[in-house]
Amino acid sequence: MASGLQRDLGLPATTAIAMGAMVGSGIFILPGIAYATAGPAVVVAYLIAGLLVLPAALSASEMATAMPEDGGSYVYVERGMGPVLGTIAGIGNWFMLSFKGALALIGGVPYLVYIAPGLAEYILPIAVGLALVFTLLNVVSTKSTGGLQFAIVGLMVLAMGYFVVAGVPSIEPAQTQGTFSLSSGGLFATIGLVFVSYAGVIKIAAVAEEVKDPGKTIPRAMIGSLLLTTALYVLVVYVAIGAAPDLSPGGGFVPEGSEEVASLAHDAEGALGEFGAFIIVIAALLALASTANAGLLSASRFPFAMARDGLAPAQFETLHHRFKTPALAVALTGGVMIAMILTLPIEQVAKFGSAFQLLVFILVNLAVIGFREGAVEEYDPEFVAPLYPWTQLFGMVSGVLILTQMGTVPFLGAVLITLVALGWYVGYVRPRTDREGAARAGIREDMSERSLRQTRELFESKEEYDVLVAITEDTSPAARKDMLRMATDMGRLRSTLVSVVEFVDVPHRVFAGDHAAVIADEVPEWLPTDGTDSPAWFPDDQSVERPKRTSGGVDVLGPTPTQSPRETRIEYQEIDSEDHKRAIVDFATYGGYDLIIAERRQADFHQRLFGGETDWLLKNAPCDVLLVEDNGFDGADEIAVVANRGAYDPLKLLFADAVAEETGAQIHLLQALPEGAPASQRETVEQYHENLLSVLTVPARSTVIETDDEVRGLARFVGSADLLVTGIDRTGVTARLLGRPGNRLVESVDTTAVMVQTRDGRERGLLQRLLMDHLFS
């Protein structure tokens, strides 16, 4: 997307922006504080922290070369994971970079006071004045900003190099013992503390739209600046600890209590004299000014990029007619920094920034996975992060680990900013956008393909399908016939054994055995037997065979030599039991049945406290379950098959196809999406339906609707059908408390209905079910 921004940042200036964003409070303020926690091991803490940042730097480099747009990590997360996480990343980055800029301006206080004690009372006016100057520079031109950044970083690196080289002779070996010890107490906490020192490494991506030859410049600048800064941190902190005249709290290097000290200035004075201290103070002031400038530059690009995507008011996207910079976004960011300088406690702001930056790094690594797994055609980075996906997984896991070491207050601060961002998304963004991330679209396509593959496999399977028709004393005669008819219809597509079992309740017996009693009785009148006339709906040349009594109960009759591959065999049994629901489950378990067909008991679906027999059966069934509700079914011209909050269960389609084969009906696939669903979601679902139509063996059509009331919207189409096939979308406590949309649909129409629960669907974990719901509905 062309924006009018000028590409005038080369490799030196781009590298300087990253280093200037990193080298500030991380080297001039934090070493003494970190030493109090880990001792000399603070050196290895800086080294490990730099290595843990590398995955995010590699991931950001890859995405920046694919999408060289201003906004950086916000753009990557928004494109890869969608506007919800994109809003969190954009607002969070904007706040945190503003926080860090404000911290850098006030963080120079000890160094300024070190050389000019009389200026202590004017610190806030000076800090505010510097914020105004940097704001004006960023409004006028990023070219002058990049040039200034390069000059500041160059002087700072020279000063720190002088400190290292001149300070080496003053190192006391005893003070540096344990600098690379991994067993030091508090090491992980110290890594978390100094992690913020590297937070600016991906800020290059925030100005990617203004970088010359971004495909080569961005990864070189980002990774190069990280390596240089890590080396600089390790060398400077090592020399600072070894040359410190006093490492006790309050001695100049290590602060006592909540005081702020000019740690390196005290070191330099002891090792290099007053001139050396003066050089370090100048370097510190330049570094902190550089951090503030880079923070303001990068932070201002987040509202600019968000406005371009419709996640912020359009005014932030407007460029100044003369300077071609996002003047309003820069001015707002500068104003926020000034407000922070005047009102916020700096120590907590630093911790909040570190915690949320960790979350952003986690999201950046996750976004790469979203783009690659989403198979986005337009995603074609010039630089590719190595060792995918292990690099990204390592970055995410290590980020979570460090976040847990930072304490409760920083964590809660990150949560608060996240909630603010979510509130903005709900109140402003969601009504204005219908986009979704590459990850969600890609995963939906993968799940559609997986569901389609499973459906084809089920339709093509040659294995015999054993069906248990479970009848109780309460099952109505009409329901009995419907259940048997639907069971035998399965034989249209595959060989089927139908066991019609009547479970008869008997009074409790004190000395009863553990298992239900199986008896061989006369076949009931409603079932056709050998030599009797079959009703019109009964399969041709099919009848019920009488079971044989054996010592173990009832033989399962095998096929005769004359049976065809798609023939349906039927047998009848009667079982006495004290608890028919348990007897049904036991019989299905020991018989190895593939499907239980039972009558839908409407009252059971309304027992919210403890649930009824149906809930128990659905929860404990060892196989798939079909619940049948008869409303005068006598053949069908149209069968409505509804997808319940996800892809179709293959069994729904197999069953509907089998009944349609027998009755000559047409199948109508129905699926509801939320009102205003993203176009990509609708396209994927419609393509999925088209593919399913090619699998079915009968005429079929498809309808995808958008509605805020799923049940009412679907009922308009289901009402004209002769048979409804839907799913059991919730079971157990969640179903009793939250209700079942599929159940409400059945009760809202005057149509014979079949509710399907597959064993695989029931055994899906909560996270997988939520994912299916989120992707398909």
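Please read these numbers as outputs of a predicted model, since none were measured by experiment. (Residues numbered from 1 in each chain as written. Predicted model: local features only at pLDDT ≥ 70, side-chain atom pairs only at ≥ 80, totals over all residues. Heavy atoms only, no water.)

Turning our attention to the overall build of the protein. From N to C terminus, the protein includes 27 helices and 14 strands. Summing over all exposed atoms, the protein offers an accessible surface of approximately 31,600 Å²; the carbon and sulfur share of this is 58%. (Helix = DSSP H or I, 4+ residues; strand = E, 2+ residues; numbered from the N terminus. Areas by Shrake-Rupley, 256 points an atom, 1.4 Å probe, with all protein chains shown as cover.)

The side chains of a regular strand alternate between both faces of the sheet. Within strand β13 (residues 723-727), 5 of the 5 residues are buried, which leaves it mostly tucked inside the rest of the structure. Side chains of β13 alternate between two faces, with L723, V725 and G727 and L724 and T726 buried alike. The sheet contact formed by strand β10 (residues 638-642) and β13 spans 3 bridges and is parallel. What sits directly across from V641, in β13, is V725. (Buried < 20%, exposed > 50% of the residue type's maximum accessible area, 1.4 Å probe, protein only. Pairing = 2+ DSSP bridges.)

This paragraph deals with the packing of helix α4 (residues 42-66) against helix α11 (residues 214-243). Two elements in contact, α4 and α11, have axes whose closest approach is 10 Å; the angle formed by their N-to-C orientations is 175 degrees. By the angle between their axes, α4 is roughly antiparallel relative to α11. Its residues placed into classes, the contact of α4 with α11 shows 21 nonpolar, 5 polar and no charged. (Axes fitted to C-alpha atoms, helices over the stretch in contact; angles between N-to-C directions. Parallel < 35°, antiparallel > 145°, perpendicular 65-115°, else oblique. Nonpolar A, V, L, I, M, F, W, Y, C, P; charged D, E, K, R; others polar.)

With 135 residues, the main nonpolar core has F28, M63, M160, F163, V201 and L264 as its most contacted residues. In terms of nonpolar packing, the next biggest core, distinct from the first, is built from 47 residues, A487, Y572, L669 and V698 among them. (Core = buried A, V, L, I, M, F, W, Y, C linked by side-chain atoms within 4.5 Å.)

This part covers the confidence of the model for the protein. Here the protein shows a mean pLDDT of 76. Residues at 70 or above account for 77%. The least confident element of the protein is strand β5 (residues 549-550), whose mean pLDDT is 34; the most confident is β10, at 92. Note on residues 546-565: pLDDT is under 50 here. Beyond four places in sequence and across chains, it has 28 contacts. With pLDDT under 50 throughout, residues 762-777 is counted as low confidence; its partners more than four residues away or in other chains account for 38 contacts. (pLDDT = per-residue confidence, 0-100. Contact = heavy atoms within 4.5 Å.)

A few words on unusual backbone geometry. In this structure, the amide linkage connecting Y388 to the following residue, P389, adopts the cis form with an omega of 0 degrees. As for its placement among the helices and strands, P389 is situated in the loop between α14 (346-374) and α15 (390-403). Notably, L387 is not glycine yet its phi reads approximately 55 degrees, a positive angle. Relative to the assigned elements, L387 resides in the loop between α14 and α15.

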